[in-house]
Amino acid sequence: MVEGFVIRRAKESDASEIAKMAIRLKKLNEEFDTQFQVDEESVKNSESIMKTFISDKDHVVLVGEKNRKVAGYLMALLRDRIFYVPKKEVRITDLYVMPEFRRSNLAIKLVEEMKKEASKQGISLITAEFPTLNVIALRFYKKIMFRETVSVYGAELE
Amino acid sequence: MEGDVERTKKYDTIAYEQSLRYKGKIQVLPKVPINSLKDFSVWYTPGVAEVSRRIKENKDLSFELTGRWNSVAIVTDGTRVLGLGKIGPEAAMPVMEGKALIFNYLGGINAIPLTLRTESRGEFIASVRSLEPSFGAFNLEDIESPKCFFVLEELQKNMEVPVWHDDQLGTASITLAGVINALRVVGKKKEDVRVTLIGSGAANVAIANLLIAAGFRAGNMMLVDHLGILEPEREDMDKLMMENPLKYKLAIDTNSERKKGDIESAMKGSDVVISASRSEAGFIHKEWVSGMNDDAIVFALANPTPEIWPHDAKDAGAMVVATGRSDFPNQINNSLIFPSLFRGVLDARAKGVNFDVMIAASEEIANFVSDPQPDKIVPTMDEWEMYPEVAATVAYKTAELGLARQRKSREWFRNNAQEIIENNRRLYQSILKEGFIKKMEVL
């Protein structure tokens, strides 16, 4: 059921709600992998950080809204691929739906809208990044037929 | 209360001394005639081979040709024992032996305590599954939350005999029975009442789900834990989604007004409060009870000390108060349900147990109280006639739901249960009378 949801570009006035969801998403990542420990300073500044992303020309932030309540958001970065074709890709960095609105295909709808947005800008490649151990994200993107394209490995230094 | 502390200490001392004396609470005795060593040719080799061959051809015959039909495994990993916490499998044994004693005394069941040294959920599940051929049913006991939810779900899904977790399902069933009669006393309907559950551990999560299955409105219910009222915008929701999916689902399904706040705000305007949280009198304030609707129902189930003393709850306006203690009216105690529940599923040679069976059992217990009163909403443990009645209802319901290997009339199940329980009790009394069990003269 995607009925009842309106998908639109985020406005500056959405920053506060999006920031709350962004922190939830980052804390969820932290649950999966300690390499993603949330910086409490950034929590304090999350609203202004989000305002910056919303107004940034290289980022696209979409929100799903129901009864005027922001229920989920997607943030993507428009990236250059200097040595490859296609020359540009859209990389989803954040995707979060509030618990109450899950199992309503809102996340899929947000990705679909992002694809449309990319097409409008002549971009034909969409990717998503998330912590490897975030099995929820892994399951979701596999379900919507994304495949593994890049691996990033990490190690803490002494 | 100092009296309670002293009384508890007295029992502690006696229990230790008597355990040293009796060295265990149960034992295995033959149940077939042995007049000479020749009889072993029947009960053991060579005759026994034929029995084994027949069971090999039809595994369900193990319920008819061996004691499997009346055997229950009581299984724990010792991770959440009573109020003692993670004390380990060896230390959990006295508690499991005590449970086995109640199984036998009230239900006529051969219950075997098994305390497992397992670490992971997977290891525990695999261990229990491997024991399935020996038992007619399994009772999981004193397993930490949320592990208990996962192992119960997984085992129920994958085993062909009933699997029960008494801390969840037993508590939920007897609580439902009590609530049914409490509502009869105050003249309110389950569809209309607002229910607040304080604490959201294994017991209250199961109670909430059983109440919903029994027709209480999920939206009219609220669960409260140390972080406040459960609701979908709480910051711990994603963690719950991963670690405690049942609680996560309740956060979404309950509390339709999406109220936020503490215990006091949850209780305000409630008709029923079920608390399974902190063993501390005064944890629930009298004023909070006063803020409930008229003819309030308060179940303060923490043991040994309820969250509010019954007289305080009544002073504050509660009409019906229940606790987990036997020295107050309305004791909500699992022992009122699990012996007969197991008697019933064993007699039906059941393949499983579910909420429908539990609701039927709860209703039977509630109906057993012919004229519910504020101080009499559930039977007491010495109302023996209740156990065969509930067992019969459970067995019959199991058969009705297609979960039984053995289908009989309700009357047959009742008579059968009564005979088993009575014979077992007579046997025990005769052993006691003959002096094979020495008297305990300290109480």
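Quick caveat, the model's predicted, so the values are computed rather than measured.

When helices and strands are tallied, chain A shows five helices and five strands. The C-alpha atoms of chain A give 16 Å as radius of gyration, which agrees with the globular expectation for 158 residues (15 Å, within 12%). Viewed in the frame of its principal axes, chain A has a C-alpha envelope of about 50 × 40 × 30 Å. Across the 158 residues that make up chain A, the buried fraction comes to 27%.

Bringing the overall build of chain B into the picture now. On a plain count of helices and strands, chain B comes out with 18 helices and 10 strands. For 443 residues, the compact-globule formula gives about 22 Å, and the C-alpha radius of gyration of chain B, at 23 Å, lands near that figure. In terms of overall dimensions, chain B has a C-alpha envelope of 75 × 50 × 45 Å along the principal axes. Per-residue burial for chain B yields a buried fraction of 44% across its 443 residues. Of the contacts made within chain B by residues no fewer than 6 positions apart, 72% connect residues no fewer than 24 positions apart.

So, about the sheet that holds strand β4 (residues 88–97) of chain A. Residues and elements named next belong to chain A. The mixed open sheet is built from five strands, whose spatial order is β1-β2-β3-β4-β5. With one partner strand each, in any of the chains shown, β1 (5–9) and β5 (126–128) form the two edges of the open sheet. Each strand axis lies, on average, 25° off the axis of its neighbour in the sheet, ignoring direction. Here strand β3 (residues 69–80) pairs with β4 via nine bridges, running antiparallel. Bridging across to β4, Arg79 finds its partner in Glu89.

Moving on, we get to the confidence of the model for chain B. As a general rule, the predicted coordinates of low-pLDDT regions are not to be interpreted in detail. In this model, chain B carries an average pLDDT of 96, and 99% of its residues clear a pLDDT of 70 or more. On the interface metric, ipTM, the complex scores 0.88, and its pTM is 0.92.

Excluding glycine, most residues fall at negative phi; most peptide bonds, likewise, are trans. Going from Val85 of chain A to Pro86 of chain A, the amide bond is cis rather than trans, its omega being -10°. Note the cis peptide between Ser145 of chain B and Pro146 of chain B, where omega equals 5°. Residue position: Pro146 of chain B is located in the loop between β3 (137–140) and α7 (147–158). Despite not being glycine, Asn255 of chain B shows a phi value in the positive range, around 55°. In this fold, Asn255 of chain B is placed in the loop between α11 (245–253) and α12 (263–267). Located in the positive-phi region is Arg349 of chain B, a residue other than glycine, with phi close to 50°. By the element assignment, Arg349 of chain B lies in the loop between α15 (338–347) and α16 (355–368).

Okay, the packing of helix α5 (residues 89–107) of chain B against α15 of chain B next. Residue and element names in this part refer to chain B. Relative to each other, α5 and α15 sit at 70°, their axes nearing to 9 Å. Viewed along their axes, α5 and α15 adopt a mutual orientation that is roughly perpendicular. For the element pair α5 and α15, the recorded crossing hand is right-handed. Together, Ile102, Phe103, Leu106 and Gly107 of α5 and Pro339, Ser340, Phe342 and Arg343 of α15 make up the contact between the two elements.

Residue and element names in this part refer to chain B. Spatially, β7-β6-β5-β8-β9-β10 is the arrangement adopted by the six strands of the open sheet, whose pairing is mixed. The sheet terminates laterally at β7 (228–229) and β10 (318–323), the two strands that pair on one side only. Summarising the sheet, strand β5 (residues 195–198) and strand β6 (residues 221–225) pair through four bridges and their orientation is parallel. Within β6, the residue paired with Leu197 across the bridge is Leu223.

All names here are of chain B. With 24 residues, helix α18 (residues 410–433) extends 34 Å from end C-alpha to end C-alpha; this agrees with the ideal 34 Å at 1.5 Å per step. Buried residues belonging to α18 abut α5, α15 and α17 (386–400). Phi turns positive, to about 85°, at Gly435, one or two residues after α18.

Let us now look at the interface of chain B and chain A. With nine residues of chain B in contact, the opposing surface of chain A contributes six residues. With five residues, the single largest contributor to the side of chain B that touches chain A is helix α10 (residues 237–243) of chain B. In terms of residue class, the side of chain B that touches chain A is built from five nonpolar, no polar and four charged.

Another point: the nonpolar core. Residue and element names in this part refer to chain B. By size, the foremost hydrophobic cluster in this structure holds 122 residues, and its most contacted members are Val72, Phe138, Val289, Val298 and Ile365. Domain assignment of the residues forming this core places at least three in each of domain 1 (2–30 + 66–161) and domain 2 (167–443). Apart from the residues within four sequence positions on either side, Val289 is in contact with Ile284, Ala296, Val298, Ile308, Ala313, Ala316, Gly317 and Ala318.

This brings us to the packing of α15 of chain B against α17 of chain B. Residues and elements named next belong to chain B. Running from N to C, α15 and α17 cross one another at 45°; their axes reach a closest spacing of 7 Å. Taken together, α15 and α17 sit at an angle that is classed as oblique. In terms of crossing hand, the pair formed by α15 and α17 is right-handed. Contact residues: Pro339, Ser340, Leu341, Arg343, Gly344, Val345 and Asp347 in α15; Tyr387, Val390, Ala391, Ala392, Thr393, Val394, Ala395 and Thr398 in α17. The residue makeup of the contact of α15 with α17, split by class, is nine nonpolar, four polar and two charged.

What counts, and where the lines are drawn
- Residues numbered from 1 in each chain as written.
- Chains lettered and ligands numbered in written order.
- Predicted model: local features only at pLDDT ≥ 70, side-chain atom pairs only at ≥ 80, totals over all residues.
- Helix = DSSP H or I, 4+ residues; strand = E, 2+ residues; numbered from the N terminus.
- Rg over C-alpha atoms; globule rule 2.2 N^0.38 Å.
- Buried ≥ 20, exposed ≤ 12 C-beta atoms within 10 Å, placed from the backbone.
- Contact = placed C-beta atoms within 7 Å.
- Pairing = 2+ DSSP bridges.
- Axes fitted to C-alpha atoms, helices over the stretch in contact; angles between N-to-C directions.
- pLDDT = per-residue confidence, 0-100.
- Parallel < 35°, antiparallel > 145°, perpendicular 65-115°, else oblique.
- Left-handed = near helix turned anticlockwise from the far one by under 90°.
- Expected span 1.5 Å × (residues − 1).
- Nonpolar A, V, L, I, M, F, W, Y, C, P; charged D, E, K, R; others polar.
- Core = buried A, V, L, I, M, F, W, Y, C linked by C-beta atoms within 7 Å.
- Domains from an automatic or database assignment.

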